[in-house]
Amino acid sequence: MRAPSGANAQPWEYVLIERGPVRNAVRELCERADREFHERSPVWLRQFFADHEITPIKEFAATAPLLVAVFGRRDKPFWLQSVWLSIANFITALEFEGLHSLTYTPSVGKEFNKLLGVDETWSCQAVLPVGHGLPDEQLKPRPRLSPAAKVHVVDGEGRLAPFNAQLPFEA
Ligand SMILES: Cc1cc2nc3c(=O)[nH]c(=O)nc-3n(C[C@H](O)[C@H](O)[C@H](O)COP(=O)(O)O)c2cc1C
């Protein structure tokens, strides 16, 4: 979870929620938040959810071996950017360890903080189930656009130039 942070504030707090009755309450709050989110989503997003079989049912909140809630300290500078850098590093580290996770961003509120004993001024940014994949699981990674499709280059004269995979300092 280490990451660079604005003013070295390290404005993140990770809550490891073990399995037990508390998880049912977590699941209930997540599912309520998701039902509301789905209801107010635009049509295109509802279609994406339907196409990808994403529903407000969050069984993993109760059953995942470990559940990690990540909170951000809203009173710190650049807190949002810093917390998400930290989450990115965390999920990459899990992947290196051969663990599976899902970046899940429920719009939960104060009740959620209260349940986990977290100060209500902190904002829950993600809830990540962590565990091992099923032994015969076939992962189906979604397509990724190439760097050439996502990088624009401005040359020294200020003109748009084609992307060259070799950076100048690698030459
Ligand atoms: C910032 C962020 C928020 C996400 N929020 C949710 C979420 O609320 N619910 C969910 O089921 N998946 C969520 N996901 C997971 C994505 O929908 C997707 O399954 C995941 O990123 C892997 O697929 P991809 O290769 O298309 O990115 C989120 C992912 C990211 C990066």
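Residues numbered from 1 in each chain as written. Predicted model: local features only at pLDDT ≥ 70, side-chain atom pairs only at ≥ 80, totals over all residues.

Draft legend 1. Broad picture of the overall build of the protein. When helices and strands are counted, the protein shows 6 helices and 6 strands. In the protein, the order of α-helices and β-strands from amino to carboxyl end is β-α-α-α-β-α-β-α-β-α-β-β. The globule rule puts the C-alpha radius of gyration for 171 residues at 16 Å, and the 19 Å found for the protein is more than 25% above it. Counting only C-alpha atoms, the protein reaches 60 × 40 × 35 Å along its principal axes. By residue count, 19% of the 171 residues in the protein fall in the buried class. Summarising the internal contacts of the protein: among those between residues at least 6 apart in sequence, 74% fall at separations of at least 24. (Helix = DSSP H or I, 4+ residues; strand = E, 2+ residues; numbered from the N terminus. Rg over C-alpha atoms; globule rule 2.2 N^0.38 Å. Buried ≥ 20, exposed ≤ 12 C-beta atoms within 10 Å, placed from the backbone. Contact = placed C-beta atoms within 7 Å.)

Draft legend 2. How the structure looks around helix 4 (residues 79-96). When the terminal C-alpha atoms of helix 4 are compared, their 26 Å separation across 18 residues agrees well with the 26 Å that a helix rising 1.5 Å per residue should span. Within helix 4, burial applies to Trp-79, Ser-82, Val-83, Ser-86, Ile-87 and Phe-90. Buried residues along helix 4 cover an arc of 135° about the axis, so they all sit on one side. Turned more than 90 degrees from where helix 4 packs its buried face, Thr-92, Glu-95 and Phe-96 sit exposed. Following helix 4 by one or two positions, Gly-98 has its phi on the positive side, about 80°. (Expected span 1.5 Å × (residues − 1). Arc of directions from axis to C-beta.)

Draft legend 3. Quick peek at the sheet that holds strand 4 (residues 122-131). Read across the open sheet, the 4 strands follow the order 1-2-4-3; overall the sheet is antiparallel. The sheet is open, and its two edges are formed by strand 1 (12-17) and strand 3 (100-101), each paired on a single side. Summarising the sheet, strand 1 and strand 2 (residues 66-73) pair through 6 bridges and their orientation is antiparallel. The residue of strand 2 that forms the bridge with Val-15 is Ala-69. Contacts from helix 1 (residues 21-39) reach strand 1, strand 2 and strand 4, with the element oriented near 125° to strand 1. On the sheet, helix 4 packs against strand 1, strand 2, strand 3 and strand 4 and is oriented at approximately 160° with respect to strand 2. (Pairing = 2+ DSSP bridges. Axes fitted to C-alpha atoms, helices over the stretch in contact; angles between N-to-C directions.)

Draft legend 4. Up close: the nonpolar core. Within the largest apolar cluster, 25 residues are counted, with the highest numbers of intra-cluster contacts made by Cys-30, Ala-61, Leu-67, Ala-69, Val-70 and Val-127. Ignoring anything within four residues of it in the chain, the contact list for Ala-69 reads Val-15, Ile-17, Leu-116, Cys-124 and Val-127. (Core = buried A, V, L, I, M, F, W, Y, C linked by C-beta atoms within 7 Å.)

Draft legend 5. Examining unusual backbone geometry more closely. One non-glycine residue with positive phi stands out, namely Ala-7, at about 55°. Here Ala-7 lies in the segment before strand 1. Owing to 11 C-beta atoms within 10 Å, Ala-7 belongs among the exposed residues under this scheme. Residue Glu-53 is not a glycine yet carries a positive backbone phi of 55°. Relative to the assigned elements, Glu-53 resides in the loop between helix 2 (43-51) and helix 3 (59-63).

Draft legend 6. Up close: the pairing of strand 4. Pairing between strand 2 and strand 4: 8 bridges, direction antiparallel. Across the sheet, Leu-66 pairs through a bridge with Val-130, a residue of strand 4. Pairing of strand 3 with strand 4 involves 2 bridges; the strand directions are antiparallel. Each residue of the ladder has a partner; that of His-100, found in strand 4, is Gly-131.

Draft legend 7. Examining the environment of Phe-37 more closely. Summarising the element assignment, Phe-37 is placed in helix 1. Overall, the presence of 15 C-beta atoms within 10 Å leaves Phe-37 in the partly exposed class. As a C-alpha pair, Phe-37 and Gln-10 span 27 residues in sequence and 29 Å in three-dimensional space.

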